[in-house]
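What follows is the residue order along each chain.
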Amino acid sequence: MSIRVVVADDQELVRSGFSMILEAQQDIEVVAEAGDGAEAVAAVHRHAPDVLLLDIRMPEMDGLEAARRVCARSACKVVMLTTFDLDEYVYEALYAGASGFLLKDVRRDDLVHAVRVVAAGDSLLAPTVTRRLVADVVRRRREEAAASATPQRLEVLTARETETLRLLARGLSNAEIATAFFVSEHTVKTHVSNVLSKLGLRDRVQAVICAYETGLVAPGAP
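(A) Expanded view of the sheet that holds strand E2 (residues 28-34). Across the sheet, five strands lie side by side as E2-E1-E3-E4-E5; this open sheet has parallel pairing. The sheet is open, and its two edges are formed by E2 and strand E5 (100-103), each paired on a single side. Geometrically, the sheet is characterised by an average inter-axis angle of 25 degrees between neighbouring strands, direction not taken into account.

Here is the structure:
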């Protein structure tokens, strides 16, 4: 089965360009395009796509509100599109449940890879810009409102689960974590699942945000 995608951007050239790139892939089908957030939400409801590529800054309803609605009401994976690599709206969208984000000048191959990654149920954590954005925004928010999250939240985790969360925040894949722990990938998947379940998190992206918010990982740490 092909990966069904909705592309939402208020700039027609951007929209059509991304659609053409994705449609050229044998395993990807663009089922709809949208020019604003409201149209994007309606398109997801109508077509039930696997992935929504969603611009942050759009008229009528911005991408942030659209992401909230889509993530709350469907299983569709959301990838945010932005011109800026340090945009607080991206952080809000990730926290709302988006699976990652891409800059609009993304390379063709990276765009296709991102769609396949999130459609497979993974989060787009590999680009260093994602981790830098989360770290930067969380650092500023913690300085402004330190009481928004507490380290005690992590007390429900075992030592191995805490270390798994720390490595997730550093952007390591399951295979890389398995190598670090000298265990199988299946065991790592169990640890990750336990972390998400115990902390009430939707996916790996929210796990990364939690790691920064609670101070488990410090911005700029290797």
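(B) Up close: the pattern of salt bridges. What the rule picks out here adds up to nine salt bridges. The salt bridge partner of Glu33 is Arg15, with a shortest N-O separation of 3.3 Å. Residue Glu33 is located in strand E2, and its partner Arg15 is located in helix H1 (residues 12-23); the two are separated by 18 residues in the primary sequence. Glu33 sits in the partly exposed class, given a relative accessible area of 39%.

(C) Region of the structure containing the packing of helix H8 (residues 174-181) against helix H9 (residues 185-199). Viewed as axis vectors pointing N to C, H8 and H9 meet at an angle of 105 degrees, and their least axial separation amounts to 8 Å. For the element pair H8 / H9, the angle class is roughly perpendicular. Contact residues: Asn174, Ala175, Ile177, Ala178 and Phe181 in H8; Glu185, Val188, Lys189, His191 and Val192 in H9. Its residues assigned to classes, the contact of H8 with H9 comprises six nonpolar, two polar and two charged.

(D) Fine view of helix H10 (residues 204-213). Among the ten residues of H10, ten are classified as buried, and the element is accordingly described as predominantly covered. The complete set of buried residues in H10 reads Arg204, Val205, Gln206, Ala207, Val208, Ile209, Cys210, Ala211, Tyr212 and Glu213. If you check the start of H10, you find a side-chain oxygen 3.1 Å away from the backbone N of Gln206, and it comes from Asp203. Of the residues flanking the end of H10, it is Gly215, one or two places downstream, whose phi is positive at about 85 degrees.

(E) Structural detail: the environment of Thr187. Relative to the assigned elements, Thr187 resides in helix H9. Expressed as a C-alpha distance, the spacing of Thr187 and Asn174, which sit 13 residues apart in the sequence, is 9.3 Å.

(F) Layout of the pairing of E2. With five of its seven residues buried, E2 lies for the most part within the structure. Bridging between strand E1 (residues 3-8) and E2 involves six bridges; their strand directions are parallel. Bridged to Arg4 within E2 is Glu29. Viewed along the sheet, the connection from E1 through H1 into E2 turns out right-handed.

(G) Just the packing of aromatic side chains, in detail. Following the criterion strictly, the structure yields zero aromatic pairs and no others. The ring centre of Phe181 lies 4.0 Å from the NZ or CZ of Arg160, which sits over that ring.

(H) Layout of the nonpolar core. Counting 28 residues, the largest nonpolar core has Leu52, Leu54, Val70, Val78 and Met80 as the members making the most contacts within it. When contributions to this core are tallied by element, the ones reaching two or more residues are E1, E2, helix H2 (37-47), strand E3 (51-55), helix H3 (63-73), strand E4 (77-82), helix H4 (88-96) and H10. Other than its neighbours up to four places away in sequence, Met80 contacts Leu54, Asp55, Ile56, Gly63, Ala67, Ala93, Ala98, Gly100, Phe101 and Leu102. By size, the runner-up hydrophobic cluster in this structure holds 23 residues, among which are Leu157, Leu168, Val208 and Ala211.

Scoring rules and cut-offs
Residues numbered from 1 in each chain as written. Predicted model: local features only at pLDDT ≥ 70, side-chain atom pairs only at ≥ 80, totals over all residues. Heavy atoms only, no water. Pairing = 2+ DSSP bridges. Helix = DSSP H or I, 4+ residues; strand = E, 2+ residues; numbered from the N terminus. Axes fitted to C-alpha atoms, helices over the stretch in contact; angles between N-to-C directions. Salt bridge = Lys/Arg side-chain N within 4 Å of Asp/Glu carboxyl O. Buried < 20%, exposed > 50% of the residue type's maximum accessible area, 1.4 Å probe, protein only. Parallel < 35°, antiparallel > 145°, perpendicular 65-115°, else oblique. Contact = heavy atoms within 4.5 Å. Nonpolar A, V, L, I, M, F, W, Y, C, P; charged D, E, K, R; others polar. Polar contact = N/O pair within 3.5 Å; in protein donor to acceptor, adjacent residues only side chain to side chain. Right-handed = clockwise from strand over helix to strand, strands pointing away. Phe/Tyr/Trp six-rings, centres within 6.5 Å; stacked < 30°, edge-to-face > 60°. Lys NZ or Arg CZ within 6 Å of the ring centre and 35° of its normal. Core = buried A, V, L, I, M, F, W, Y, C linked by side-chain atoms within 4.5 Å.

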